[in-house]
Amino acid sequence: MPISSGGQNAGEGNAQGAGSLGNGGAGQGAGNQGAGAGGGGAMCGAVDFEALGKAGFDPDSGTYERNNIVAVIHYTDGTSDRVPLDWTWRYKTEDDDPFSNPNQPIVRFQFPPAAQRASEPPAVQYIIKNTRPDGTTVLTDQCPSIPSASAQPQH
């Protein structure tokens, strides 16, 4: 189930999915109404996260762990990349796990270990670069030319 990573113009979906970040267009007006930018500003897409399966409880750390997260990067041209993430995401309780608890409004990105970040594929580097310290991801820079995740070697 994809869940919005949060940030500017994040949308909650209905039924099975969650919304992506919005992308507003330029507005036009006549007379004294002028022209203005749409609500999304310079957004360059959105990131959703999916969990494949359930979290497992680790009694040693006392946390619920997920090794089954996939990032779905949506670009403004309508294309998207699916990138399996290769590090463990941890939650203190099941209620903290937004993939298990529908009352959690957003999924906050959990960064890979510092020693691993430089070896992540370009799509993950793009997410890291555009994620705030609180884990909210807002893709605001110029749309980069990122090679398709399917063409990137997995490690």
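Let us look at the structure shown here. In this text, all values refer to a predicted model and were calculated from it rather than measured experimentally.

Thresholds applied
Residues numbered from 1 in each chain as written. Predicted model: local features only at pLDDT ≥ 70, side-chain atom pairs only at ≥ 80, totals over all residues. Heavy atoms only, no water. Helix = DSSP H or I, 4+ residues; strand = E, 2+ residues; numbered from the N terminus. Buried < 20%, exposed > 50% of the residue type's maximum accessible area, 1.4 Å probe, protein only. Contact = heavy atoms within 4.5 Å. Salt bridge = Lys/Arg side-chain N within 4 Å of Asp/Glu carboxyl O.

Within the secondary structure, valine 138 sits in the segment after helix H2 (122–129). Of the residues examined, valine 138 reaches a relative accessible area of 7% and is grouped as buried. Sequence-wise, valine 138 and alanine 46 are 92 residues apart; in three dimensions their C-alpha atoms are separated by 6.9 Å.

Bringing H2 into the picture now. Along H2, the positions that sit buried rather than exposed are Ala123, Val124, Tyr126, Ile127 and Ile128. In the core, the buried residues of H2 are packed alongside strand E2 (46–51), strand E5 (69–74), strand E6 (80–84) and helix H1 (114–117).

Looking now at the pattern of salt bridges. Note on pairing: side chains with opposite charge can pair once their charged atoms come close. Taken as a whole and assessed by the stated rule, the structure comprises four salt bridges. Among the salt bridges present, the one from arginine 66 reaches aspartate 97, with a minimum N-O distance of 2.8 Å. With arginine 66 in strand E4 (residues 63–66) and aspartate 97 in the loop between strand E7 (89–91) and H1, this pair connects stretches of sequence that are 31 residues apart. Taking relative accessible area as the criterion, arginine 66 reaches 2% and is therefore assigned buried. In this structure aspartate 97 comes out as buried when scored by relative accessible area, which is 1%. Of the charged contacts, one joins aspartate 134 and arginine 108 as a salt bridge, the two residues approaching to 3.4 Å between their closest N and O atoms. With a gap of 26 residues between them, aspartate 134 in the segment after H2 and arginine 108 in the loop between E7 and H1 connect regions that are remote in the sequence.

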